[in-house]
Amino acid sequence: MNINSAIEFENVSKKFCIRLEEQMWYGFSDILRNILNMRKTNTLRKDEFWSINKVNFKIKKGESVGIVGLNGSGKSTTLKMINGIFMPDLGKISIRGRVGALIEVGAGFHPYLTGKENIYLSGAIFGMPKKYIDQKFDEIVEFSEIEKFLDMPVKNYSSGMYVRLGFAVAAHMQTDILLIDEIFAVGDVDYQKKCLTKIQELKNIGKTIVFVSHNEKNLKEICSKGILLHEGKMVYRGNIDDVLKKYKEYNLKN
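Residues numbered from 1 in each chain as written. Predicted model: local features only at pLDDT ≥ 70, side-chain atom pairs only at ≥ 80, totals over all residues. Heavy atoms only, no water.

*Asks:* Looking at this structure, how should I read the overall build of the protein?
*Replies:* When helices and strands are counted, the protein shows eight helices and nine strands. Counting across all 254 residues of the protein, residues that qualify as buried make up 46%. Accessible surface, the protein as shown: approximately 13300 Å² in total, 51% of it carbon and sulfur. (Helix = DSSP H or I, 4+ residues; strand = E, 2+ residues; numbered from the N terminus. Buried < 20%, exposed > 50% of the residue type's maximum accessible area, 1.4 Å probe, protein only. Areas by Shrake-Rupley, 256 points an atom, 1.4 Å probe, with all protein chains shown as cover.)

Set out below in structure tokens:
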């Protein structure tokens, strides 16, 4: 892996199965193949499809990169593979640095724990020492703007409250790489602006940011580079303005 890279995808592919029953059987079969050290196959089985297919890219340390594409193009799958939620079926992913992610609303939260308890739980999941969480706790709470609901189980939170707390924790992680999915559709305009300002601060201190969004304005504000995915393949990479122009062309075609 290049010493200047934060993330490298080398011929990465990931497949999924449409039918649950077959997916379970294929999963068992793949585990058995791993145990027997058998080579992974690049052939699709019945009802399988490539979510990501032979994708190659490098993201340098400190870069802010937007990943765009039509629905089903493989954007979220790419983020989840960077975060280690999914493993590639083929190819290699290399990461240099600690990864933090805000990929799904409330991801990592335990519904029956309070907001306060989930700050510590989520922080621990992301490798934050309790002492560090103690130091940052007041900042996290202040940023979330939900102080009076901290002792309420998060299962009773609105989606907007989930986003506020989830983003507040993510924004204060000890991470080198921050992954953000399209989360700004939830929450009021003022809080969206606050989140964008925080991302800019993280960008300015050298954090690597990977941002999935359909919002052209947000992408231009946050990202200098972009990657366009289409039907699981990377079809264009360049500066964010050029990538968004290509994205519009694909929108017009479909």
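*Asks:* Would you mind going over the sheet that holds strand 2 (residues 48-60) with me for this structure?
*Replies:* Strands pair in a sheet through their backbones, by hydrogen bonds, and they do so in one of two ways: parallel or antiparallel. Here three strands make up an open sheet; going across it, the order is 2-1-4 and the pairing antiparallel. Here the strands that pair on one side only, and so sit at the sheet edges, are strand 2 and strand 4 (90-95). Taken pair by pair, the neighbouring strands of this sheet meet at an average axis angle of 20°, ignoring direction. (Pairing = 2+ DSSP bridges. Axes fitted to C-alpha atoms, helices over the stretch in contact; angles between N-to-C directions.)

*Asks:* How should the pattern of salt bridges be read in this particular structure?
*Replies:* Side chains that differ in charge, positive against negative, can pair when their charged atoms come close. A complete count under the given rule lists 13 salt bridges for this structure. Residue Glu139 is joined to Lys136 by a salt bridge in which the shortest nitrogen-to-oxygen separation is 3.7 Å. With Glu139 and Lys136 both in helix 4 (residues 130-144) and three residues apart, this pair spans about one turn of that helix. Across the salt bridge formed by Asp241 and Lys220, the nearest N and O atoms sit 3.9 Å from each other. Taken as a pair, Asp241 in helix 8 (residues 240-253) and Lys220 in helix 7 (residues 216-222) lie far apart in primary sequence, 21 residues in all. Each of Glu216, Lys220, Asp241 and Lys248 takes part in one network of salt bridges that share partners. (Salt bridge = Lys/Arg side-chain N within 4 Å of Asp/Glu carboxyl O.)

*Asks:* Please explain the packing of helix 4 against helix 6 (residues 189-204) as it appears in this structure.
*Replies:* Contact geometry for helix 4 and helix 6: axes closest at 11 Å, N-to-C directions at 140°. Relative to helix 6, the element helix 4 lies oblique. Contact residues: Glu142, Phe143 and Ser144 in helix 4; Tyr191, Lys194, Cys195 and Lys198 in helix 6. (Parallel < 35°, antiparallel > 145°, perpendicular 65-115°, else oblique. Contact = heavy atoms within 4.5 Å.)

*Asks:* Where do I start with the environment of Glu139 in this structure?
*Replies:* Classification of Glu139 as partly exposed rests on a relative accessible area of 37%. Through-space distance from the C-alpha of Glu139 to that of Ala168 is 8.4 Å; in sequence the pair is 29 residues apart.

*Asks:* What exactly am I supposed to notice about the pairing of strand 1 (residues 5-17) here?
*Replies:* A regular strand places its side chains on the two faces of the sheet in alternate fashion. The buried count for strand 1 comes to ten of 13 residues, which makes it a mostly enclosed element. Of the pairings in the sheet, the one linking strand 1 to strand 2 comprises nine bridges and is antiparallel in character. Among the inter-strand pairings, Val12 is bridged to a residue of strand 2, identified as Val55.

*Asks:* What am I meant to see in the sheet that holds strand 8 (residues 225-230) here?
*Replies:* An order of 5-6-7-3-8-9 is seen for the six strands of this open sheet, with the pairing classed as mixed. The two strands at the open ends of the sheet, each matched to only one other strand, are strand 5 (99-102) and strand 9 (233-239). When strand polarity is set aside, the average angle formed by the axes of neighbouring strands in this sheet is 15°. Bridge count between strand 5 and strand 6 (residues 177-180): four bridges; the pairing is parallel. Within strand 6, the residue paired with Ala101 across the bridge is Leu179. Across the sheet, helix 6 touches strand 3 (64-68), strand 6 and strand 7 (208-212), and the angle it forms with strand 7 is around 145°.

*Asks:* Explanation requested: helix 4 in the structure shown.
*Replies:* An α-helix turns once every 3.6 residues. As a result, residues three or four positions apart point the same way. Most pronounced at Lys136, the bend in helix 4 amounts to some 50°. Listed as buried for helix 4 are Tyr132, Ile133, Phe137, Ile140, Val141, Phe143 and Ser144. On its buried side, helix 4 packs onto helix 3 (115-125), helix 5 (159-171) and helix 6. Backbone geometry just downstream of helix 4 places Glu145 in the positive-phi region, at approximately 60°. (Bend = angle between axes of the 7 residues up to and from the residue.)

*Asks:* Is there a simple way to think about unusual backbone geometry in this case?
*Replies:* When glycine is set aside, most residues are seen to have a negative phi, and most peptide bonds are trans. A positive phi angle, near 55°, is found at Asn11, a position not held by glycine. Considering the arrangement of structural elements, one finds Asn11 in strand 1. Within the chain, Lys54 stands out as a residue other than glycine whose phi angle is a positive 55°.

*Asks:* Just to check I follow, could you spell out the packing of helix 4 against helix 5 for this structure?
*Replies:* Relative orientation and spacing of two packed helices are given, respectively, by the angle between their axes and the distance between those axes. Running from amino to carboxyl end, helix 4 crosses helix 5 at an angle of 145°, the nearest separation of the two axes being 8 Å. Judged by the sense of rotation from one axis to the other, the crossing of helix 4 with helix 5 is right-handed. Facing Ile140, Phe143 and Ser144 of helix 4, the residues of helix 5 in contact are Arg164, Leu165, Phe167, Ala168 and Val169. Residues of the contact of helix 4 with helix 5, tallied by class, amount to six nonpolar, one polar and one charged. (Left-handed = near helix turned anticlockwise from the far one by under 90°. Nonpolar A, V, L, I, M, F, W, Y, C, P; charged D, E, K, R; others polar.)

*Asks:* Help me understand the environment of Thr77, please; the structure alone is not making it clear to me.
*Replies:* By the secondary structure assignment, Thr77 is in helix 2 (residues 75-82). With relative accessibility at 10%, the residue Thr77 sits in the buried group. Note: C-alpha distance between Thr77 and Pro88 (eleven residues apart in sequence) is 9.8 Å. Those residues in contact with Thr77 that lie beyond four places of it in its chain are Lys14, Phe16, Ser51, Ile52 and Phe86.

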